[in-house]
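Here is how the chains run, residue by residue.
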Amino acid sequence: MRRVLHFALHFLLGIALALGVLEALLRLLPVSTATLTDYYVDSMILGYPVGHHWRVSTGWDLRNPQVLHANNLGFAAERDFKPESRALALVGDSFVEESMLDADERPDAQLERALGGARPVYALGVPGSSLLDHAERVRWATERLDIHDFVLVFAASGIRQSICGTVNVQGPCLKPGSFEPAVERRPPPDALKRVLRHSALAQYLFGQVKLDALRFVHKTFTRVAPATPSTQVSRADGSASAAVDVAFVDVVARTFLERVRPYQRGRLVLAVERGPTPSRDPQMAAERSRFIALMRAAGVTVIDAQPLFEAYSRRSPWKLEVGPYDAHMNAIAVRLLMREVARVLAGLPSQGAGQ
């Protein structure tokens, strides 16, 4: 019995030592660190602690490492924000923050250059947010910063993610089915998560590698039988038989406008990042087209990045995504879109975006 306990003790000490070495090693590498997001400036707006610094990188091999810092109001930005009616607010999700790019390649910096430095650009980007979350930032920036002009950059998925229960809801949302207004705030982290968020090893496993412990255990100890031919449905059959229901898009569009209009004192420009092709995701493509049409019918200026990017791809071999592992816009795509935004703000016709 003593030998068993002795062996078990040495085994546990060995594991603890190995974990300690891994923790120390990973702290020397650009493993993503805790963002510590919470509702600091407003009960409906997720942000970072003022002055917080954190690292970000992508994947197990830590691609595109960057160090970000939060400004005086808890947004990832190189400048502090102060009340300024001349300022232009750039609102959106990770397509505005673009944390994988160098600071001078991100949308706020590129838009400010495209405008010739005539006015400051405030980046109000919060990753993992929906269209209705963007509307809350329009409200907050109007009240807090006296902003008049807004540019909203978002992907088509932001429309669908305005429904309660989706992972990207940070506050306001619409209930599934009834589409009644509701609120779903992110719950505060429990004690275990507060401890693990400061561990480089935990961040690497669950953030970089995306390890899902429960799913791993389930797959390890559960036998999954292969699907029989009778249960498989081909893509062609599935696409043909799938009814594309975009009714909720009307409710999302109406709710968005109702929440933005009271605070619209200047220009409102929507820049819609290119979405999936109808062959890849017919429902999301239909949702995207419907939303753009509704916004334009309501008199909102919309820049559709799809024809803009397609025109570039026809004349250049360079890709517009960060990489095959990350569909976010790279520096070239950001430059194309921000120059288009600058043209529209200057009153010039859109080059292929079909206003």
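Our structure's up above, just so we're on the same page.
Residues numbered from 1 in each chain as written. Predicted model: local features only at pLDDT ≥ 70, side-chain atom pairs only at ≥ 80, totals over all residues. Heavy atoms only, no water.

Description of the overall build of the protein chain
Line of reasoning, step 1. A tally of helices and strands in the protein chain yields 13 helices and 13 strands.
Line of reasoning, step 2. Look at the contacts in the protein chain between residues 6 or more apart in sequence, and 66% of them connect residues 24 or more apart.
Line of reasoning, step 3. Here the protein chain has roughly 18700 Å² of accessible surface; of this, 59% comes from carbon and sulfur atoms. (Helix = DSSP H or I, 4+ residues; strand = E, 2+ residues; numbered from the N terminus. Contact = heavy atoms within 4.5 Å. Areas by Shrake-Rupley, 256 points an atom, 1.4 Å probe, with all protein chains shown as cover.)

Points about the sheet that holds strand β5 (residues 88-92)
Line of reasoning, step 1. Taken in spatial order, the five strands make up an open sheet running β6-β5-β7-β10-β11, and their pairing is parallel. Both outer strands of the open sheet, β6 (121-125) and β11 (301-304), are each paired with one neighbouring strand and no more. Strand-to-strand twist in this sheet, taken as the mean axis angle between neighbours without regard to direction, amounts to 20 degrees.
Line of reasoning, step 2. Pairing analysis gives five bridges linking β5 to strand β7 (residues 149-154), with the strands arranged parallel. Of the residues in β7, the one forming a bridge with glycine 92 is valine 153.
Line of reasoning, step 3. Packing against the sheet, helix α4 (residues 131-145) makes contact with β5, β6 and β7, and its axis sits at approximately 160 degrees to β7.
Line of reasoning, step 4. Helix-sheet contacts for helix α12 (residues 305-315) involve β10 (268-272) and β11, and the interaxial angle to β11 is about 35 degrees. (Pairing = 2+ DSSP bridges. Axes fitted to C-alpha atoms, helices over the stretch in contact; angles between N-to-C directions.)

Thoughts on the pattern of salt bridges
Line of reasoning, step 1. Summed over the entire model, instances satisfying the criterion amount to 15 salt bridges.
Line of reasoning, step 2. Glutamate 23 is paired through a salt bridge with arginine 27; the nearest N and O atoms lie 2.9 Å apart. Of this pair, glutamate 23 and arginine 27 are both found in helix α1 (residues 2-28), four residues apart, which corresponds to roughly one turn of the helix.
Line of reasoning, step 3. Where salt bridges share partners, they join Asp42, Glu136, Arg139 and Glu143 into one cluster. (Salt bridge = Lys/Arg side-chain N within 4 Å of Asp/Glu carboxyl O.)

Here's the deal with the packing of aromatic side chains
Line of reasoning, step 1. Taken as a whole, this structure holds seven aromatic pairs when the rule is applied.
Line of reasoning, step 2. Taken together, the aromatic side chains of Phe75, Phe81, Tyr122 and Trp140 make up a single cluster linked through ring pairs.
Line of reasoning, step 3. For the cation-ring pair, arginine 185 lies above tyrosine 39, with the distance from its terminal atom to the ring centre recorded as 4.1 Å. (Phe/Tyr/Trp six-rings, centres within 6.5 Å; stacked < 30°, edge-to-face > 60°. Lys NZ or Arg CZ within 6 Å of the ring centre and 35° of its normal.)

Some words on α12
Line of reasoning, step 1. Looking only at α12, the buried set comprises Ala305, Gln306, Leu308, Phe309 and Tyr312. Looking down the long axis of α12, one finds its buried residues gathered within 165 degrees of arc, a one-sided arrangement. Within α12, the exposed residues directed more than 90 degrees away from the buried face are Arg314 and Arg315.
Line of reasoning, step 2. Where α12 is buried, its residues meet β10, α11 (282-297), β11, β13 (326-329) and α13 (331-345).
Line of reasoning, step 3. Taking the backbone nitrogen of glutamine 306 as reference, a side-chain oxygen 3.0 Å away marks aspartate 304 as the first, capping residue of α12. (Buried < 20%, exposed > 50% of the residue type's maximum accessible area, 1.4 Å probe, protein only. Arc of directions from axis to C-beta. Polar contact = N/O pair within 3.5 Å; in protein donor to acceptor, adjacent residues only side chain to side chain.)

A word on the side chain of glutamine 208
Line of reasoning, step 1. Tracing the backbone shows glutamine 208 in helix α7 (residues 200-208).
Line of reasoning, step 2. Looking at glutamine 208, the relative accessible area reads 5%, which means it is buried.
Line of reasoning, step 3. Within the structure, glutamine 208 has its side chain in polar contact with the side chain of serine 32 (distance 2.8 Å).
Line of reasoning, step 4. Of note is the side chain of glutamine 208, whose polar atom sits 3.0 Å from the backbone oxygen of glycine 59.

Considering the side chain of glutamate 98
Line of reasoning, step 1. Examined against the element boundaries, glutamate 98 turns out to sit in the loop between α2 (94-97) and α3 (107-114).
Line of reasoning, step 2. One buried charged residue, glutamate 98, forms no salt bridge at all, with the nearest opposite charge on arginine 106 at 7.6 Å.
Line of reasoning, step 3. When near neighbours in sequence (up to four residues on either side) are disregarded, glutamate 98 contacts Arg106, Pro107, His328, Met329 and Val334. (Lys, Arg positive; Asp, Glu negative; His and termini not counted.)

A short note on the pairing of β13
Line of reasoning, step 1. Relative to β13, strand β12 (residues 321-323) runs antiparallel, the two being bridged by two bridges. Across the sheet, residue glutamate 321 finds its bridge partner in β13, namely methionine 329.
Line of reasoning, step 2. As consecutive antiparallel partners, β12 and β13 are separated by two residues.

Notes on the packing of helix α10 (residues 247-260) against α11
Line of reasoning, step 1. Between α10 and α11, the shortest axis-to-axis distance is 10 Å and the interhelical angle comes to 40 degrees. Here α10 lies oblique to α11, going by the angle between them. Our pair here, α10 against α11, has a crossing hand that is right-handed. Between α10, through Phe248, Val249, Asp250, Ala253, Phe256 and Leu257, and α11, the contact on the second element is made entirely by Glu287, Arg290, Phe291, Leu294 and Met295. (Parallel < 35°, antiparallel > 145°, perpendicular 65-115°, else oblique. Left-handed = near helix turned anticlockwise from the far one by under 90°.)

Description of a nonpolar patch on the surface
Line of reasoning, step 1. Together, Phe7, Phe11, Leu12, Ile15, Leu19 and Leu22 give the surface a local cluster of nonpolar side chains, amounting to about 600 Å² of exposed area.
Line of reasoning, step 2. For leucine 12, the location among the structural elements is in helix α1.
Line of reasoning, step 3. On the basis of relative accessible area, leucine 12 is assigned to the exposed category, the value being 54%. (Patch = residues over 30% accessible without salt bridge, like charges linked within 9 Å, V, L, I, M, F, W, Y side chains within 5 Å.)

A closer look at the nonpolar core
Line of reasoning, step 1. Counting residues in each nonpolar core, the largest one holds 44 residues, and the members touching the most others are Phe150, Phe256, Leu270, Phe291 and Met295.
Line of reasoning, step 2. Breaking this core down by element, the ones donating at least two residues are β2 (45-47), β5, β6, α4, β7, α10, β10 and α11.
Line of reasoning, step 3. The biggest single contributor to this core is α10, with eight residues.
Line of reasoning, step 4. With residues near it in sequence (within four places) discarded, phenylalanine 291 still touches Leu131, Phe154, Ile159, Val249, Ala253 and Leu270. (Core = buried A, V, L, I, M, F, W, Y, C linked by side-chain atoms within 4.5 Å.)

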